[in-house]
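# Structural features, examined
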Amino acid sequence: MGISFSNVPEDSSCTVIFEQEMALGNMAVLYRKWHGEGVTGDDFFIHAADAASMDESSLKDIVRSSALVGADSPIIISRTGDFLCARFNVHRI
C-alpha cells in the first residue's frame, strides 16, 4: 500500500491480538483487534490527511461498509496524532 502505519500510537492498557494493513474503500487503513481491561474491540486507523475532506458521518459510512463491523455496533471516531481511529465492536469479555 505504500503508506506507513509504523507510528500508530499504542495503548499500554490494551493487548493487540491482530493487526493488518488493508484497503477500506479507496483508503489504506490499519485494522487492529485488541483486548484489555475486560473489553475487546476493533479499530481502523486512517491517516487524517486521507480523510480530510470527509465529515464524521461520511467516514462512519465508509467504516460501516466493512464486513468486519457488526450491524448494530456503534462507531466512535477520535483523532490520535496523525491518525483518525474508528473504534467498533467493543464489548465486555
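These lines cover the structure that appears in this document, whether it is placed above or below. (Residues numbered from 1 in each chain as written. Predicted model: local features only at pLDDT ≥ 70, side-chain atom pairs only at ≥ 80, totals over all residues. Heavy atoms only, no water.)

### Description of the environment of Ser66
Put simply, the rule is: For helices the rule is a DSSP run of H or I covering at least 4 residues; for strands it is a run of E covering at least 2, with both sets numbered from the N terminus onward. Only protein chains enter the accessibility calculation, which uses a 1.4 Å probe. A residue is then buried if its area is under 20% of the maximum for its type, exposed if over 50%, and partly exposed in between. Contacts are assigned to residue pairs with any non-hydrogen atoms lying within 4.5 Å of each other. Polar contact is defined as a pair of N or O atoms within 3.5 Å, subject to the rule that within protein one atom must be able to donate a hydrogen and the other to accept it, and that residues adjacent in sequence are counted only when both atoms are side-chain atoms.
Along the polypeptide, Ser66 turns up in the loop between α1 (56–64) and β4 (76–80). Overall, Ser66 belongs to the buried group, its relative accessible area being 9%. Placed 41 residues apart in sequence, Ser66 and Gly25 show a C-alpha to C-alpha distance of 8.7 Å. Apart from the residues lying within four places of it in its own chain, the contact partners of Ser66 are Leu24 and Phe44. Of the polar contacts made by the side chain of Ser66, one reaches the backbone nitrogen of Leu68; its length is 3.0 Å.

### Re the packing of aromatic side chains
Selection rule: Planes of paired rings set the category: under 30 degrees apart is stacked, over 60 is edge-to-face and the rest tilted, where pairs are Phe, Tyr or Trp rings (Trp by its six-membered ring) whose centres lie within 6.5 Å.
All told, the structure shown has 4 aromatic pairs when counted by the stated rule. Among the aromatic side chains, those forming a connected cluster through ring pairs are Phe18, Tyr31, Phe44 and Phe88.

### Concerning the pattern of salt bridges
For clarity, the cut-off: Each salt bridge in this description consists of a side-chain nitrogen of Lys or Arg and a carboxyl oxygen of Asp or Glu lying within 4 Å of one another.
Taken as a whole, this structure holds 5 salt bridges when the rule is applied. Across the pair Arg32 and Glu10 runs a salt bridge whose closest N-O atoms are separated by 3.3 Å. You can see Arg32 sitting in strand β2 (residues 27–36) and its partner Glu10 sitting in the segment before β1 (15–24), a full 22 residues away along the chain. On the basis of relative accessible area, Glu10 is assigned to the exposed category, the value being 58%. When the shortest N-O distance is used, the salt bridge between Arg32 and Glu19 registers 2.9 Å. With a gap of 13 residues between them, Arg32 in strand β2 and Glu19 in strand β1 connect regions that are remote in the sequence. Overall, the relative accessible area of 5% leaves Arg32 in the buried class. Connected through shared salt-bridge partners, Glu10, Glu19 and Arg32 make up one network.

Such coordinate-based values are descriptive only and should not be taken to indicate function.
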